[in-house]
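Topology and contacts: notes
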Amino acid sequence: MDRDKEKLVLSLLEEKRFGALIDLLATLLPPDAAELISELPKEAQAVTFRLLGKDAAAEVFACLDPGTQENIIRGMGDAELSGLIEELFTDDAVDMLEEMPAGIVSRVLRLATKETRNAINLIMQYPEDSAAGIMTSEFIVLKENMRVPEAIDYIRATGADRETVYVAYATDAKRRLTGTVDLRDLLFSPEDRTVGE
């Protein structure tokens, strides 16, 4: 990362010009913001991270190195950490927890909602480098008998919480996978067609 940017961030922090720092962080892509935060002194990392918008925080956190993640977690209150865990995609939370000391893992799991905790525990039971250990559990499942407008409405209603919406999985009445459907195909299909078609 650019040393000038790092100096600028430290200067803005020292001068308590948080609005200018928020504006600067908003111009960075998540990997670039993560790199910048990781290069800051430890005491500046947590403060800078807190200035990220709620939507950007989870994306940036997933890009941070484990040492910086641990430092930021140690500086968070329970409510703040709970909010972050709920914003992370499950596979990103699992990746982070695999690198953390046991005390942090138990704190994170204690603060996670039951649904999030169950999803994390499900993925963590698989070997780290197995397909099940690296895949996401946040995807769209559509019933094959749904009509196109119903499927699109369902994606709109649930897609914001999913890691990917570009491909949905079609299932039968017994929840068995019957195929996949691209969002593009749904958008350009006649309204009377079903997902299965």
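In case you missed it, the structure is sitting above this.
What this report covers is the structure whose coordinates are included nearby. (Residues numbered from 1 in each chain as written. Predicted model: local features only at pLDDT ≥ 70, side-chain atom pairs only at ≥ 80, totals over all residues. Heavy atoms only, no water.)

1. Some points on the overall build of the protein
Stated formally: The secondary structure listing takes helices from DSSP runs of H or I that are at least 4 residues long and strands from runs of E that are at least 2 residues long, numbered from the N terminus. Only protein chains enter the accessibility calculation, which uses a 1.4 Å probe; a residue is then buried when its area is under 20% of its type maximum, exposed when over 50%, and partly exposed in between. Should any heavy atoms of two residues lie within 4.5 Å, those residues are counted as being in contact. Per-residue and other accessible areas follow the Shrake-Rupley method at a 1.4 Å probe size, with only the shown protein chains counted as cover for residues. Residues scored as charged are limited to Lys and Arg (positive) and Asp and Glu (negative), so that His and the chain ends carry no count. Working definition for charges: the position is that of NZ of Lys, CZ of Arg, CG of Asp or CD of Glu.
Within the protein, the regular secondary structure consists of 13 helices and three strands. Burial status across the protein gives 39% buried among its 197 residues. For the protein, contacts bridging at least 24 residues in sequence account for 63% of all contacts bridging at least 6. Looking at the protein as shown, the accessible area adds up to about 11,500 Å², and 51% of this sits on carbon and sulfur atoms. Mean positive and mean negative side-chain charge positions of the protein (22 and 38 charges, respectively) differ by 5 Å.

2. A short note on the packing of helix 1 (residues 3–14) against helix 4 (residues 42–50)
Heads up, the rule is: An axis is simply a line fitted to the C-alpha atoms; with a helix, the fit covers only the stretch in contact. Between two such axes, the angle follows the N-to-C directions and lies from 0 to 180 degrees. To sort the angles, those under 35 degrees are grouped as roughly parallel, those over 145 as roughly antiparallel, those from 65 to 115 as roughly perpendicular, and the leftovers as oblique. Under the grouping applied here, Gly and all other residues not named as nonpolar or charged are polar, the nonpolar ones being Ala, Val, Leu, Ile, Met, Phe, Trp, Tyr, Cys and Pro and the charged ones Asp, Glu, Lys and Arg.
Contact geometry of helix 1 with helix 4 gives a least axis separation of 11 Å together with a crossing angle of 80°. Of the possible angle classes, the one that applies to helix 1 and helix 4 is roughly perpendicular. Contacts between helix 1 and helix 4 involve Val9, Leu10 and Leu13 from the first element and Ala44, Val47 and Thr48 from the second. Taken together, the residues of the contact of helix 1 with helix 4 sort by class into five nonpolar, one polar and no charged.

3. A closer look at the side chain of asparagine 71
Mapped onto the elements, asparagine 71 comes out in helix 6 (residues 66–74). Setting aside residues no more than four positions away along its own chain, asparagine 71 makes contact with Lys42 and Gln45.

4. Regarding the sheet that holds strand 1 (residues 140–143)
The cut-off we apply is this: The rule for pairing is simple: two strands pair if DSSP sees at least two bridges between them.
Spatial strand order, 1-2-3: three strands in an open sheet with mixed pairing. A single partner strand is all that each edge strand has here, and the edge strands are strand 1 and strand 3 (177–182). Sheet twist, expressed as the mean angle between neighbouring strand axes with direction ignored, is 35°.

5. Looking at the pattern of salt bridges
How we decide: One side-chain nitrogen of Lys or Arg within 4 Å of one carboxyl oxygen of Asp or Glu is enough to make a salt bridge.
Inspection of every chain in the model, using the stated rule, returns seven salt bridges. Taking the shortest distance from any N to any O, the salt bridge between glutamate 70 and arginine 74 comes out at 2.7 Å. Of the two residues, glutamate 70 and arginine 74 are both situated in helix 6; the distance of four residues between them amounts to about one turn of the helix. The structure contains a network of salt bridges with shared partners spanning Asp78, Arg107 and Arg110.

6. Concerning the environment of threonine 68
Heads up, the rule is: Pairs of N or O atoms are called polar contacts if they sit within 3.5 Å, as long as, within protein, a hydrogen donor faces a hydrogen acceptor (for residues adjacent in sequence, only side-chain-to-side-chain pairs).
Along the chain, the position of threonine 68 falls in helix 6. For threonine 68, the side chain forms a polar contact with the side chain of serine 38, separated by 3.4 Å.

7. Overview of the pairing of strand 3
The pairing of strand 2 (residues 167–171) with strand 3 spans five bridges and is classified as antiparallel. When the sheet's bridge partners are listed, alanine 168 is paired in strand 3 with valine 181. With antiparallel pairing between neighbouring strands as the criterion, strand 2 and strand 3 make up a hairpin whose turn holds five residues, including arginine 175 at a positive phi of roughly 65°.

8. Some details on the nonpolar core
Across soluble globular proteins, you tend to see nonpolar side chains buried next to one another. Counted only if it meets this: For the purposes of this section, nonpolar cores are sets of buried Ala, Val, Leu, Ile, Met, Phe, Trp, Tyr and Cys residues that join through side-chain atoms within 4.5 Å.
Core analysis: the largest hydrophobic core is formed by 41 residues, its most contacted members being Leu21, Phe49, Phe61 and Met96. It is helix 9 (residues 102–111) that contributes the most residues to this core, five residues altogether. Setting aside residues up to four positions removed in sequence, phenylalanine 49 forms contacts with Ile37, Ala57, Val60, Phe61, Leu64, Ile72, Met76 and Leu84. Residues Met146, Val148, Ala151 and Leu186 belong to the second largest nonpolar core, which totals 13 residues.

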